[in-house]
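Here is what each chain is made of, one letter per residue.
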Amino acid sequence: MSTLKKFGIILIQGVLEVSLMLCFLVITSIFLFQERICKRVVAEITKDMRKPISYSTLDLTAWSTFPNVSINVHDVVAKDAFKNNNSDQILFKAKTFSIHLNPFDLLKSVKEVKALELNNGEINLRTDKTGDVNYMVFKESNTKDTKDPLHVKLKQISVNNVHVNYLNDQSNKRLSTQLKAMQFSGDFNNHQYALASKGDFILTQYTSGNVKLIKNKAINIDLTLKVDMDHQSYILPKSSILVEKLPFYCEGMYTKDTVYFSLNSQNLALNDVVNKLSLDKAKTELDRYKGGGKVKFDALIHGKTGEDSPTYVACDFSIQDGFLTEPIKNTSIDNINLSGSYKSNGNSFQDELLFPILSFNTSSGPFKAKLKVNNFIHPSIVGNASGNVNLKAANMLFNVTQIESIMGQANVNADFDLSVRDNVEVNDFGGTLNLNNVNLKLKGDQRNFSNLNAFITLHGDEMHVAKGHVNLNKSDIQLEGQAKNIFNYLASKGSLNINADLTSNTIRVEDLGATTKQEKKSTEGKQFVLPNDLMGGLTLRVNQLQYDGHRFENINTQLNIENRRLSFPHLSLRNADADMSGSLSIKEQAPERFDLSLKGVSENIHFAPLFKEWNNFDQTVINSDQISGNARVEVTMEAPFDLLSGIQLNQVAAKVHMRVQDGKLNNISSLNDVANSINSNAGRLVLGKKNIAAFQNKLSTIQFETLENTLIIRNNAVEIPNMEIASSAIDMKLS
């Protein structure tokens with residue numbers, strides 16, 4: 001090997017060793033002084049911010065980001081940066097915000113930021129009513145001093161699981177997204193560059209005024225934006241994006257003068273749109289709808305970019321000659337035609353949504369409707385609907401998210417004109433709705449609504465129900481009556497006033513709630529059960545009501561409802577072969593905690609069936625086959641009641657007046673113990689063996705003709721006033 005070659009190898013080895021040693025020394029120095037370095041970098045980057053940021057900790061990584069180093073800011077929070085607004089809400093927060101830098105810069109002064117990474121955060125971009133924005137975080141420079149400027153020389157920005165919310169109080173628009181995994185790359189330090197954007201995000205919600213237009217749509221993008229900083233222009237060539245895996249095409253531009261953006265999709269198959277945009281993602285491939293028809297969508301956004309210049313939105317969409325078939329039971333809907341449009345000039349008071357054509361056929365017959373919504377701040381809703389609908393087929397098309405399953409027929413004929421302000425104003429409303437054999441199951445609800453039939457008449461804000469019937473699990477309900485203020489009630493803007501007759505053969509209380517008792521036990525926290533927006537009266541006639549293993553029969557009463565209070569002023573029922581009458585009030589004072597107030601009387605209580613029905617009142621001294629007799633009882637009682645644990649016995653306050661006749665106790669073990677206790681040598685010596693035997697025989701069966709007294713129950717104790725007890729075994733005075 002030549003001397004020159006050996007020298008070259010030695011030189012290269014030396015350079016490598018020196019370079020490695022230098023890198024090692026640099027990284028070692030960085031780690032030795034990482035706390036000081038991290039604080040200096042963050043201070044330098046944020047020195048020109050309008051408001052300081054806060055964070056919990058700082059650390060530094062090098063090997064995983066080599067040849068760069070990363071300053072990691074944990075639990076970072078930045079507040080609103082309005083120019084003329086003292087808002088202290090959160091503009092930006094993140095679990096981790098990483099800044100990638102050249103390690104040699106850290107030993108002197110930070111000159112370049114090469115990459116940014118944002119994980120598990122939230123960004124809230126706000127525009128107030130004056131047009132002031134909260135995201136101008138850096139101060140305006142009043143000097144031309146360019147000494148040691150900070151350059152953003154980015155190759156990549158990574159964003160993972162970050163929620164971005166845009167709230168514009170000036171135009172009353174709300175946009176929420178979740179950036180699941182997004183990457184932005186380009187030569188950001190150049191004046192002209194291509195900005196590549198790739199990844200997945202969810203358009204969580206887009207709302208104009210009080211109208212929700214888009215909700216929970218998954219979007220995938222892979223496109224390149226042409227950026228020209230000299231001319232302040234951003235151009236998006238025609239590109240493809242996926243919305244719920246459906247192809248859409250977009251293009252646009254943004255300059256210092258104008259904005260233009262279009263989004264369209266031509267000739268999508270209707271079954272693909274329904275399966276991917278509407279169908280529950282839990283559905284299997286076998287459940288997916290078959291069908292055809294063309295769906296078109298065209299949206300255009302354009303306008304001037306000046307502060308006072310409106311941005312115009314025009315969107316047209318349609319379905320032509322569509323049909324869908326559910327593959328398992330072959331439920332079908334055909335001849336689907338829809339035409340719609342949305343227009344906005346940036347002022348939500350003037351937004352407009354139109355459905356001039358909506359029609360389809362199901363096995364029940366044809367259906368058609370029209371709808372117009374104006375003014376998304378105080379919406380005006382005008383339209384009409386008429387025809388027969390197979391509800392299962394209709395839900396294939398509209399896919400109401402709260403419905404798990406629905407079957408049955410409906411006939412509708414209605415015209416409506418509503419305005420929504422502080423309350424729902426009914427300008428005109430009239431029509432009928434006839435429900436036939438409807439079966440309904442709601443998501444997250446243990447109840448099955450089956451055999452639902454009703455003829456409903458609507459006039460203004462009143463609803464009249466005739467021949468109403470529904471089965472709730474094993475309970476049945478028949479309803480006739482009317483309700484007022486229904487639209488404000490449905491919009492959570494007022495109370496529903498009802499006046500109706502309710503009859504039933506069997507009602508199980510556990511069938512009435514949306515959750516089971518076991519689900520209530522496993523659910524954290526408590527919620528109010530009785531409504532505070534329902535008032536009025538019901539006449540109840542129930543043959544049998546079952547609750548917690550007990551049975552109440554022949555219930556007749558008037559039920560008054562108001563402010564989470566149920567009042568039964570005239571109540572009659574039968575329980576354990578006894579007829580009872582009186583009044584009952586139930587007031588929900590706190591979530592799932594009630595106060596009961598009862599006044600009642602029964603003329604024919606029979607002890608044996610009463611003890612059997614109420615499980616011997618949770619005691620073991622006397623059971624139902626050891627007691628007999630009749631009683632007249634008057635009760636006044638107040639007691640707290642918990643939905644899960646029942647009546648709180650230690651807090652019961654009651655006054656019970658009773659008159660017992662023909663009472664009998666058989667083979668009571670505690671009384672036998674008394675007799676056995678005196679059957680001793682001493683007892684036999686004093687009383688005599690025959691007398692003791694006779695006494696034992698009398699105690700085995702005790703009879704008394706009449707027993708009357710008033711008992712007071714309070715403070716977890718029973719107070720018994722002076723009384724005389726004359727029985728077949730013994731006469732005594734008791735207090």
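Not measured: the values here are computed from a predicted model. (Residues numbered from 1 in each chain as written. Predicted model: local features only at pLDDT ≥ 70, side-chain atom pairs only at ≥ 80, totals over all residues. Heavy atoms only, no water.)

**Quick look at the overall build of the chain**
Step number 1: For the chain, the helix and strand inventory stands at eleven helices and 35 strands.
Step number 2: Counting the 735 residues in the chain, one finds 37% classified as buried.
Step number 3: Put simply, of all contacts in the chain between residues at least 6 apart along the chain, 53% involve residues at least 24 apart. (Helix = DSSP H or I, 4+ residues; strand = E, 2+ residues; numbered from the N terminus. Buried < 20%, exposed > 50% of the residue type's maximum accessible area, 1.4 Å probe, protein only. Contact = heavy atoms within 4.5 Å.)

**Examining the side chain of Asn390**
Step number 1: Inspection of the secondary structure assignment puts Asn390 in strand E17 (residues 380-390).
Step number 2: Using a relative accessible area of 11% as the deciding quantity, one classes Asn390 as buried.
Step number 3: In this structure the side chain of Asn390 is engaged in a polar contact, spanning 3.1 Å, whose partner is the backbone nitrogen of Lys392.
Step number 4: Separated by 3.1 Å, the side chain of Asn390 and the backbone nitrogen of Ala393 make a polar contact.
Step number 5: Apart from the residues lying within four places of it in its own chain, the contact partners of Asn390 are Thr331, Thr362, Ser363, Ser364, Gly408 and Gln409. (Polar contact = N/O pair within 3.5 Å; in protein donor to acceptor, adjacent residues only side chain to side chain.)

**Section: the packing of aromatic side chains**
To describe a pair of aromatic rings, you give the distance between the ring centres and the angle between the ring planes.
Step number 1: By the definition in use, this model includes eight aromatic pairs.
Step number 2: Ring centres 6.3 Å apart and planes at 55° place the aromatic pair Tyr234 and Tyr254 in the tilted group. Here Tyr234, found in strand E9 (residues 233-243), pairs with Tyr254, found in strand E10 (residues 246-254); they are 20 residues apart in sequence, far enough to count as distant.
Step number 3: Residue Tyr234 is classed as partly exposed on the basis of its relative accessible area of 30%.
Step number 4: Within the aromatic cluster, the residues linked to one another by ring pairs are Phe416, Phe429 and Phe487. (Phe/Tyr/Trp six-rings, centres within 6.5 Å; stacked < 30°, edge-to-face > 60°.)

**As for empty space enclosed by the protein**
Step number 1: What the rule picks out here adds up to one cavity of 30 Å³ or more.
Step number 2: Reported here for the largest cavity is a volume of approximately 50 Å³.
Step number 3: Looking at the largest cavity, the residues that line it are Met49, Arg50, Lys51, Pro52, Ala78, Lys79, Asp80, Ala81 and Val137.
Step number 4: Residue composition of the lining of the largest cavity, by class: five nonpolar, no polar and four charged. (1 Å grid on protein atoms, 1.4 Å probe; cavity = no way out; pocket = protein on both sides within 12 Å on 5 of 7 lines; lining within 4 Å. Points joined across faces, edges and corners; volume = space filled by probe spheres on them. Nonpolar A, V, L, I, M, F, W, Y, C, P; charged D, E, K, R; others polar.)

**Quick notes on the confidence of the model for the chain**
Step number 1: Per-residue pLDDT for the chain has a mean of 80; in total, 80% of the residues score no lower than 70.
Step number 2: Of the regions scoring below 50 in pLDDT, residues 14-26 engages in four contacts with residues more than four places distant in sequence or in other chains.
Step number 3: Ignoring residues within four places in sequence, the model shows residues 144-152, a span with pLDDT below 50, making 15 contacts including any to other chains. (pLDDT = per-residue confidence, 0-100.)

**Points about the pairing of strand E29 (residues 627-642)**
Step number 1: As defined by bridge partners, strand E28 (residues 593-606) adjoins E29 across twelve bridges and the pair is classed as antiparallel. Looking at the pairing, Phe594 lines up with Phe641 of E29.
Step number 2: Pairing geometry for E29 and strand E31 (residues 653-666), over eleven bridges, is antiparallel. Looking at E31, one finds that Ala631 is bridged to Val660.
Step number 3: Pairing of E29 with strand E30 (residues 646-647) involves two bridges; the strand directions are antiparallel. Residue Phe641 lies in a different strand from E30, and its bridge partner there is Ile647.
Step number 4: Turn length for the E29-E30 hairpin, with the two strands adjacent in sequence and antiparallel, is three residues. (Pairing = 2+ DSSP bridges.)

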